[in-house]
Amino acid sequence: MKIRRATMAVVAAGALALAGCTSGGGSEDNDTAAEGGGSEDSSEESGGTEEDSEGSEDMGGEEGSTAKADLGDVTTNTEETVSFSSGAEEYNAYNGDTASTNSTYNAVVNNQLLSSFWYWGTDGTVYPNEWFGSYEVTSEDPLTVEYTISDDAVWSDGTPITSNDYLLEWASSNPEALGGVDALGFDPVSDTFGKYVPEAPETEPGSKTFTVVYPEPYPDWELVVNDAFPSHVAAEQAGMEPDELAQAILDGEGEMVAEVSEFWNTGWLFPDYSVTDEALVPSSGPYTLEGAAWESGNQLALVPNESFFGPAPATGNLVYKFAAPDTHVQALQNGDINVIEPQATVDTLQQLEGMGDTVAVETTAEMTWEHLDFNFAESSAFSDDNGGLAAREAFAMCVPRQNIIDNLIKPINPDAQVMNLREKFPFQEDYQEVVDEAYSGQYDEVDIEGAQAKLEEAGLESPVEVRIGYSAPNPRRTEQVAQIKSSCDEAGFNIVDAGNPDFFEAGGTLESGDWEVALFAWAGSGQIASGQPIYSTGGGQNFGGFSNEEVDAAWNTLASSNDPEVHMEQIKVIEKLLWDNLYGIPLFAHPGVTGYDSTLENVRATSVQTGVSWNAEQWMRAS
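Described in the following lines is the structure provided in the data block. (Residues numbered from 1 in each chain as written. Predicted model: local features only at pLDDT ≥ 70, side-chain atom pairs only at ≥ 80, totals over all residues. Heavy atoms only, no water.)

1. Overview of the overall build of the protein chain
Quick reminder of the rule: Put simply, DSSP H or I for four residues or longer makes a helix, DSSP E for two residues or longer makes a strand, and each gets a number counted from the N terminus. Relative accessible area decides the class of each residue, using a 1.4 Å probe on protein chains only: under 20% of the type maximum gives buried, over 50% gives exposed, and in between gives partly exposed. Contacts are assigned to residue pairs with any non-hydrogen atoms lying within 4.5 Å of each other. For the area figures, the Shrake-Rupley method with a 1.4 Å probe applies, and any residue is considered shielded solely by the protein chains shown.
The secondary structure content of the protein chain amounts to 19 helices and 20 strands. For the protein chain, with 623 residues in total, the buried portion stands at 62%. The contacts in the protein chain between residues at least 6 apart in sequence include a share of 69% that link residues at least 24 apart. With an accessible surface of roughly 22700 Å², the protein chain has 43% of that area assigned to carbon and sulfur atoms.

Dropping the structure here:
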């Protein structure tokens, strides 16, 4: 079976990212590919995935396609410059896969420096980069996938891209197979590759092919093998020959492999915001840091990779501006930044639309979704030891979901609707099929009298104080809390705005559980099993401590199968159980806004975490 397309989330497969709702379309700094099982303001992603993009809704592509445009033979305009900003945070790592460097502001640059077997389309579909190579399932039991790297694929220093690079990628995420975490010394943000592929890929040093075996089914297997770093550089820095390092990985010689870990952890980082040795950072993508112009605190201008083996980049200078989000709209109007992706607000949209024909504006629904989660800790009014399900039902009855959408979201996206699922989005074809099985509409309308009755049933003394925690400042979430307070206080609650800047910090409010309801978002790109750590007992992203044996069993069934029919069947079960037991309350899919210089072509909004710069190598001035 030749793989044509699939779906995935931003950084690490198997989790969502927390979406911070800052400047970009989905996640904020703790979006380290970790915005929520997906990525909320910082995790990895949920939502369904389609194996074929036919019939999927156009999320900003051309002629209904969600893939990159086929531009034919492109001649790079070396005199042209196009600029973009993901925020004020400065790029600081070629290796964005460490625990400290996995961030949006590193990813948007590295997407142009590192190539892989696939890329995300605008709806979360994964399309193959056929110029890079191919992959093929050669066995279903156990699942075995053979990868073939193009003979033309080389690093910008002329070194062939080979299985050596993927062996190092595997080793960096699987220290247990090579002597243990402490012994090996790698500091990866994700262990997905090693976790689901416990044995090293089957290959020979320096080969253009390698085989990956999954001893257990894994629904998101297509996402596991992503880009890789230049193993020949790491080997040389450790005093080894490239093939010598590859053979050590194949032979399980942990002590020898450990010699490259310090460089892997630190040698590809830029703490001084400059590249001191360009030989250490060769590119496999359309642009390169070799010869790039880096003005610390201001901008980084990438230049074309003259050894690139894929479609040539359209523009000679791709500039990343380090600019605060609140300056982006004005910078676009002034021509200082050519493409922006500000937080979608009514004011922002009006400002962009007021700029006239010089600025093009696109709006879209994103695979980032807002939600209210209950705290099940013993001290919470919503725990089963206190108000329990009746208290959660009372709160759900008074939350004015439709009013929130009408006032805050529809002015930006007229097609916006209340979101009634967690693993499917309203713009996906099978969304309504799941809703029909899982949710009966009992919380569609505000019911103050019903909420009051449920609070009485819960046995709680009114008013019931409910702190709604979120990452502040955030005007849209502040307004959401205000609307909830206006409604729910009538039902017998005392809603307290508990927004604070430390909400997503390590050990901060979200992790400590100092809230009754958490308001944030998960950002993703369409993974299948990424919601499991959010809703399963003891899951790493289950911040509220929800626990239900039936939900656990359904996730285990889903996550241990590669059958799309099983996935759909279990998603229906999971969604119904999460409504019946009220894990939390979904609100809406985030609206996205993109503004850009109208003389540019091929700037396309996207629903996934990669943001508008997903195809920046195709941006060009109209001729």
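That was the structure; now back to the text.
2. Topic: the sheet that holds strand β9 (residues 209-214)
To be explicit about the condition: Between any two strands, pairing holds if DSSP finds at least two bridges. Helix axes are fitted to C-alpha atoms over the stretch in contact, other axes to C-alpha atoms as well, and angles between N-to-C directions run from 0 to 180 degrees.
Across the sheet, which stays open at both edges, the three strands sit in the order β7-β8-β9 with antiparallel pairing between neighbours. Only two strands of the sheet have a single neighbouring strand rather than two, namely β7 (133-140) and β9. Pairwise comparison of adjacent strand axes, ignoring direction, gives a mean angle of 20° for this sheet. Where strand β8 (residues 143-149) meets β9, six bridges bridge the pair, whose relative direction is antiparallel. The residue of β9 that forms the bridge with V145 is V212.

3. Considerations on the pattern of salt bridges
For the record, the criterion: Within this document, salt bridges are pairs made up of a side-chain nitrogen of Lys or Arg and a carboxyl oxygen of Asp or Glu, the two lying within 4 Å of each other.
The final tally for this structure, using the stated rule, is 15 salt bridges. Ionic pairing is found between D384 and R392, a salt bridge with its closest N-O pair at 3.1 Å. On the accessibility criterion, D384 (56% relative accessible area) is exposed. As a salt-bridge pair, D489 and K485 come within 2.7 Å of each other at their nearest N and O atoms. In this structure D489 comes out as partly exposed when scored by relative accessible area, which is 28%.

4. Quick word on helix α6 (residues 242-251)
Put simply, the rule is: Of all possible arcs, the one meant is that of the directions from the helix axis to the C-beta atoms.
All of the buried residues in α6 are L245, A246, A248 and I249. Each buried residue of α6 sits inside an arc of 160° when the element is viewed along its axis, so together they form one side. Once α6 finishes, G252 follows within two positions and takes phi at roughly 70°, a positive value.

5. Observations concerning the environment of L372
Tracing the chain through its elements places L372 in strand β14 (residues 359-374). Given a relative accessible area of 1%, L372 falls into the buried group. With 24 residues separating them along the chain, L372 and A396 place their C-alpha atoms 9.5 Å apart. Here L372 is in contact with F395, V399, I468, I484, V517, A518, L519, G584, I585 and L587, once residues within four sequence places are set aside.

6. Notes on the packing of aromatic side chains
Put simply, the test is: Only centres within 6.5 Å qualify two rings of Phe, Tyr or Trp (six-membered ring in Trp) as a pair; their planes then separate them into stacked at under 30 degrees, edge-to-face at over 60, and tilted for everything else. Criterion for a charge above a ring: Lys NZ or Arg CZ within 6 Å of the ring centre, and within 35 degrees of the ring normal.
In total, this model carries 45 aromatic pairs according to the counting rule given. An aromatic cluster is built from F117, W131, F132, Y135, Y147, Y166, F210, F308 and F309, whose rings are joined through pairwise contacts. Note that K68 overlies the ring of Y119, its terminal NZ or CZ placed 4.8 Å from the centroid. Sitting over the ring of W579, R422 keeps its end group 4.7 Å from the ring centre.

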